[in-house]
Amino acid sequence: MTRDHGGRALAVVLASTLGVTFWALGAFFWGILLTLVFVIAVLPGVALAKRIYGDDEGAWGTACLVGPVWGFALTSLNLLGLWAAGLRSPAILLIAPVLAGAIVVAARPWTGILKPMPIGARDLRWLLLVLLLVPAVVSRPYSRVGSEVHDGRAYRAYFTADFVWKMAVVAEVAKGDVPP
């Protein structure tokens, strides 16, 4: 079996691009922190997918494609449960994935129940290339949001309306009512 240096190179370029994007936006620390929280949130899903797909060829590739969706869903449900139980601290961002990871242990009887799609290094290379296009397409427009212009700050109506809507949602959820 040959080593896939192209896929590794694309992964390094993707990570570097994210780092440069965070640094350029002036939010390097927070960007890295949010990325780590996201990775921690999706890891239980990757582990669960790997358990369900077993040790067949292509199991890791398939687990890396479907697992993040499963992990994010499981972690979000655990976050909602912790929130409903009255826990409201940043620590629940670390507790929820651990609880979601308990499902991986409980899924031991399901090991190998599904057959993975035949995903190889070439497919993952294309996925990394598509992911690399995301910061390339959105970084320039988003870097200009809020910049100084002769009339004040440059915000488009979409960003203002979106921001106001999200602030209303956060205010409503912060009240602590269950369901919000």
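Residues numbered from 1 in each chain as written. Predicted model: local features only at pLDDT ≥ 70, side-chain atom pairs only at ≥ 80, totals over all residues. Heavy atoms only, no water.

(A) Representation of the overall build of the chain within the structure. A count of helical and extended segments in the chain gives six helices and two strands. Secondary structure elements in the chain, listed N-terminal to C-terminal, are α-α-α-α-α-β-β-α. In summary, the chain has a C-alpha radius of gyration of 20 Å against a globular reference of 16 Å for 180 residues, an excess of more than 25%. For the chain, the C-alpha atoms occupy an extent of roughly 60 × 45 × 25 Å along the three principal directions. Burial statistics for the chain: of 180 residues in total, 24% are counted as buried. Within the chain, counting contacts between residues at least 6 apart in sequence, those at least 24 apart form 65% of the total. (Helix = DSSP H or I, 4+ residues; strand = E, 2+ residues; numbered from the N terminus. Rg over C-alpha atoms; globule rule 2.2 N^0.38 Å. Buried < 20%, exposed > 50% of the residue type's maximum accessible area, 1.4 Å probe, protein only. Contact = heavy atoms within 4.5 Å.)

(B) Quick peek at the pattern of salt bridges. Summed over all chains, the structure comprises three salt bridges. A salt bridge links K50 to D55, with the nearest nitrogen and oxygen atoms 2.9 Å apart. The partner of D56 in a salt bridge is K115, with the nearest N and O atoms 3.2 Å apart. Here K115 lies in the loop between α4 (92–106) and α5 (121–143) and D56 lies in the loop between α2 (28–53) and α3 (59–84), a separation of 59 residues in the sequence. Judged by relative accessible area, K115 falls into the exposed class, the value being 62%. (Salt bridge = Lys/Arg side-chain N within 4 Å of Asp/Glu carboxyl O.)

(C) A look at the packing of α2 against α3. Following both chains from N to C, one finds α2 and α3 inclined at 125°, their axes separated by 6 Å at the closest point. By the criterion of interaxial angle, the relationship of α2 to α3 is oblique. Pair α2 / α3 crosses with right-handed handedness. Note on element contacts: α3 touches α2 through A59, W60, T62, A63, V66, G67, P68, W70, G71, F72, L74 and T75, opposite F38, A41, V42, P44, G45, V46, L48, A49, K50, I52 and Y53. Within the contact of α2 with α3, the residues separate by chemical class into 17 nonpolar, five polar and one charged. (Axes fitted to C-alpha atoms, helices over the stretch in contact; angles between N-to-C directions. Parallel < 35°, antiparallel > 145°, perpendicular 65-115°, else oblique. Left-handed = near helix turned anticlockwise from the far one by under 90°. Nonpolar A, V, L, I, M, F, W, Y, C, P; charged D, E, K, R; others polar.)

(D) How the structure looks around the confidence of the model for the chain. Per-residue confidence for the chain gives a mean pLDDT of 82; residues scoring 70 or more make up 90%. Summarising per-element confidence for the chain, the mean pLDDT is lowest in strand β2 (residues 152–153) (72) and highest in α3 (90). (pLDDT = per-residue confidence, 0-100.)

(E) A look at the nonpolar core. Of all hydrophobic cores here, the largest spans six residues; its members are L48, I52, L74, A100, V104 and A107. Contributing elements (two or more residues each) for this core: α2 and α4. Setting aside its immediate chain neighbours within four residues, A107 contacts L48 and R51. V46, A49, Y53 and A63 belong to the second-largest nonpolar core, a separate cluster that totals five residues. (Core = buried A, V, L, I, M, F, W, Y, C linked by side-chain atoms within 4.5 Å.)

(F) Fine view of the packing of α2 against α4. Where α2 contacts α4, the axes come no closer than 9 Å and their chain directions differ by 0°. On the basis of the axis angle, α2 is roughly parallel to α4. Between α2 and α4, the contacting residues are V37, I40, A41, P44, A47, L48 and R51 on the first element and L93, L94, P97, A100, G101, I103, V104 and V105 on the second. Considered class by class, the residues forming the contact of α2 with α4 number 13 nonpolar, one polar and one charged.

(G) Up close: the side chain of R51. Counting through the fold element by element, R51 comes out in helix α2. For the buried R51, no salt bridge is present, and the opposite-charge side chain at shortest range is D55, 8.5 Å distant. Apart from the residues within four sequence positions on either side, R51 is in contact with V104, V105, A107, R108, W110, T111 and G112. (Lys, Arg positive; Asp, Glu negative; His and termini not counted.)

(H) Representation of α2. A rise of 1.5 Å per residue sets the reference length of α2, with its 26 residues, at 38 Å; its end C-alpha atoms lie 36 Å apart and thus fit the reference within 8%. Along α2, the helix axis deviates most sharply at V42, where the bend reaches about 35°; the proline P44 sits within four residues downstream. Where α2 terminates, the next one or two residues include G54, which has phi positive at roughly 70°. (Expected span 1.5 Å × (residues − 1). Bend = angle between axes of the 7 residues up to and from the residue.)

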